[in-house]
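Listed below, chain by chain, are the residues.
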Amino acid sequence: MSTTGPVFTYAFSWLLEAAGNQIVSFNSTVVVPPSPGLPVTGGAVTIYQWPGLQPLPQDPSFLPIDNGVLQPVLAFGQKCNQVNHNNGVPAYTGACINGEYYNTFGTYPGFSGGFEGPLMDVNPGDHIRLDMVLAGNVWTQTVTRIVAADGQYPPPCLAGSGTLTPRGCQVTFSKDMQGQKQQWAEWVTELWGGALTQSSLSVYDVAIALDKPEPSYSNFCRQQVQPYACCSGIAFSQDKTTCLVDACGFAAMATPQNPTTPLANVKPVCTRPSVPTSSPSSSPSVSSSGSSSTSAPVSSASSSASQSPASSSSATASTSSVLTSGSAQSASPARGIMAVGLAAAVVLLLAF
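Residue numbers here run from 1 along each chain, matching the order of that chain's written sequence. A pLDDT threshold of at least 70 governs which residues receive local features in this predicted model, and a stricter bar of 80 or more applies before side-chain atom pairs are shown or counted, although totals over entire chains, interfaces and linings include all residues. To get the side-chain values, all heavy atoms of the structure are used, and hydrogens and water are removed first.

### Observations concerning the overall build of the protein chain
Rules: The way it works is that DSSP assigns letters per residue, a run of H or I at least four long becomes a helix, a run of E at least two long becomes a strand, and they are numbered from the N terminus. Only protein chains enter the area calculation, which uses a 1.4 Å probe; residues under 20% of their type maximum are buried, those over 50% are exposed, and those in between are partly exposed. Note on contacts: a residue pair qualifies if any of its non-hydrogen atoms lie within 4.5 Å across the two residues. Accessible areas in this description were obtained via Shrake-Rupley with a 1.4 Å probe; residue shielding takes into account the shown protein chains only.
Helix and strand content of the protein chain: three helices and 18 strands. Across the 352 residues that make up the protein chain, the buried fraction comes to 54%. Contacts spanning at least 24 positions in sequence make up 75% of the contacts within the protein chain whose residues lie at least 6 apart. By element, 56% of the accessible surface of the protein chain is carried by carbon and sulfur atoms, the whole surface being about 13700 Å².

### So, the state of the cysteines
Definition in use: Count a disulfide wherever a pair of cysteine sulfur atoms falls within 2.5 Å.
Counting across every chain of the model gives four disulfides. With its sulfur 2.1 Å from that of its partner, Cys 231 forms a disulfide with Cys 248. One disulfide, between Cys 231 and Cys 248, carries an S-S torsion of 100° and so falls in the right-handed class. With Cys 231 in strand S14 (residues 229–236) and Cys 248 in strand S15 (residues 242–250), this residue pair connects regions lying 17 residues apart in the sequence. Residues Cys 231 and Cys 248 agree in their burial class; the two are buried.

### So, unusual backbone geometry
The amide bond that connects Leu 63 to the next residue, Pro 64, takes the cis arrangement and shows omega of 15°. As for its position among the elements, Pro 64 is in the loop between strand S3 (46–54) and strand S4 (69–76). In this model, Tyr 153 is joined to Pro 154 through a cis peptide bond whose omega is -10°. Mapped onto the elements, Pro 154 comes out in the loop between strand S9 (138–147) and strand S10 (163–165). Although it is not a glycine, Gln 178 adopts a positive phi angle of roughly 50°. Overall, Gln 178 belongs to the partly exposed group, its relative accessible area being 47%. Its identity is not glycine, yet Cys 221 carries a phi of approximately 65°, on the positive side. Among the secondary structure elements, Cys 221 is positioned in the loop between strand S13 (201–210) and S14. In this structure Cys 221 comes out as buried when scored by relative accessible area, which is 10%.

### Focus on the sheet that holds S10
Rule in force here: DSSP bridges decide pairing: two strands pair if at least two such bridges lie between them. Axis definition: a line fitted to C-alpha atoms, over the contacting stretch in the case of helices. Angles run 0 to 180 degrees between N-to-C directions.
Read from one edge to the other, the open sheet built from eight strands follows the order S10-S11-S9-S8-S2-S13-S15-S14, with strand pairing classed as antiparallel. Since the sheet does not close on itself, it has two edges, and those belong to S10 and S14, each with one partner. Each neighbouring strand pair of the sheet contributes to a mean axis angle of 20°, computed without reference to strand direction.

### Things to note about the nonpolar core
What counts, and what does not: Nonpolar cores were defined as sets of buried Ala, Val, Leu, Ile, Met, Phe, Trp, Tyr and Cys residues, with membership established by side-chain atoms within 4.5 Å.
Of all hydrophobic cores here, the largest spans 52 residues; its most connected members are Phe 12, Ile 23, Phe 26, Leu 74, Trp 187, Ile 208 and Phe 220. If you tally residues by element for this core, the top one is S13, at five residues. Apart from the residues within four sequence positions on either side, Phe 220 is in contact with Trp 14, Leu 15, Leu 16, Glu 17, Ile 23, Ile 208, Leu 210, Glu 214, Phe 236 and Cys 243.

### Focus: the packing of aromatic side chains
What counts here: Between rings of Phe, Tyr and Trp, where Trp is taken as its six-membered ring, a pair exists when centres lie within 6.5 Å; planes separated by under 30 degrees are stacked, by over 60 edge-to-face, and by other angles tilted. Here, a charge over a ring is recorded when the distance from Lys NZ or Arg CZ to the ring centre is within 6 Å and its angle to the ring normal is within 35 degrees.
The tally for this structure, following the rule as stated, stands at eight aromatic pairs. Note on Tyr 108 and Phe 111: the rings are 5.9 Å apart at their centroids and 25° apart in plane angle, and the pair reads as stacked. The exposure class of Tyr 108 is partly exposed, given its relative accessible area of 29%. Every member of this aromatic cluster is reached through a ring pair, and the members are Phe 12, Trp 14, Phe 26, Phe 220 and Phe 236. If you follow Lys 175 out to its NZ or CZ, it ends over the ring of Phe 111, 4.6 Å from the centre. For Lys 175, the ring lying beneath its charged end belongs to Phe 115, and the centroid distance is 3.8 Å.

### Focus: the environment of Ala 251
With respect to the helices and strands, the residue Ala 251 is situated in the loop between S15 and strand S16 (285–286). With relative accessibility at 6%, the residue Ala 251 sits in the buried group. Each C-alpha atom, one on Ala 251 and one on Ala 229, is 6.0 Å from the other, the two residues being 22 residues apart in sequence. The residues contacting Ala 251, other than those within four sequence positions of it, are Thr 197, Ser 200, Tyr 228, Val 266, Lys 267 and Pro 268.

What follows is the structure, given as structure tokens:
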């Protein structure tokens, strides 16, 4: 079984610079891309795509937990085989998503290894809202299938995964971080087993809220030049407490016809995707505010920041399954990102 990897591509990787500052929410919407299909090299070919939050080592709250990552993860590959099978989707041809926390550095009880919430089966073309919200010391990740590929809103849950809510099918995962501050935000594509993405990924309505203002010289919320990814419509609020990103895009690295051959001169597209709407014959459905709706909600990045996030402090944490640090690499996202990312963080900090 191949375990080649991981390889990371970032749409952005931003570090807070104000001493003692922290991120208090991180919201995004992602469009599920087409499945890459059957693995081409062994059984561990897996693609993970996720927004993540991590601490910084210079903050007093960094220890004893050490460096882990909070991340709702969209996955393609063997991780999804069982939940896809429940819906009649052949192995390696479907996608799934859930909330997670991974820490492969620390040994502090309750934080070492991997912790995951329940999986939700998703289809290509679905629009998935990812809300990460801090309440007290607890981070809650709420993953909501808000619009189906066919425009159905709210979409139903696929067999055996998720809980139907007025906003759509949903899974949650909560983790008490015991006061550790999350000060590093990123949107990442993570590749295992020699995998290459065979279709582009669209992310939009990104909003990152901070506990207190960043200094005027802060490089948080800035444009970054990346080989396979880009973002557009980046704006830092005047009071330096909210970063808004209209859209980000990850480029396809190969084609389905040649899944192991990297494309040359790849140019990512970072424009907002279109949102499918229900047909006129669709019966009205109840939105989260209680009003009737016959079409998918379309919000801008600026409106998403001012609205209440999908998750709340009263959100019920799902019973999580604990994965040991010895779990198979192909089923464990971000096993390498802390090492690679932490070194990058130190380099960035020294450069400021």
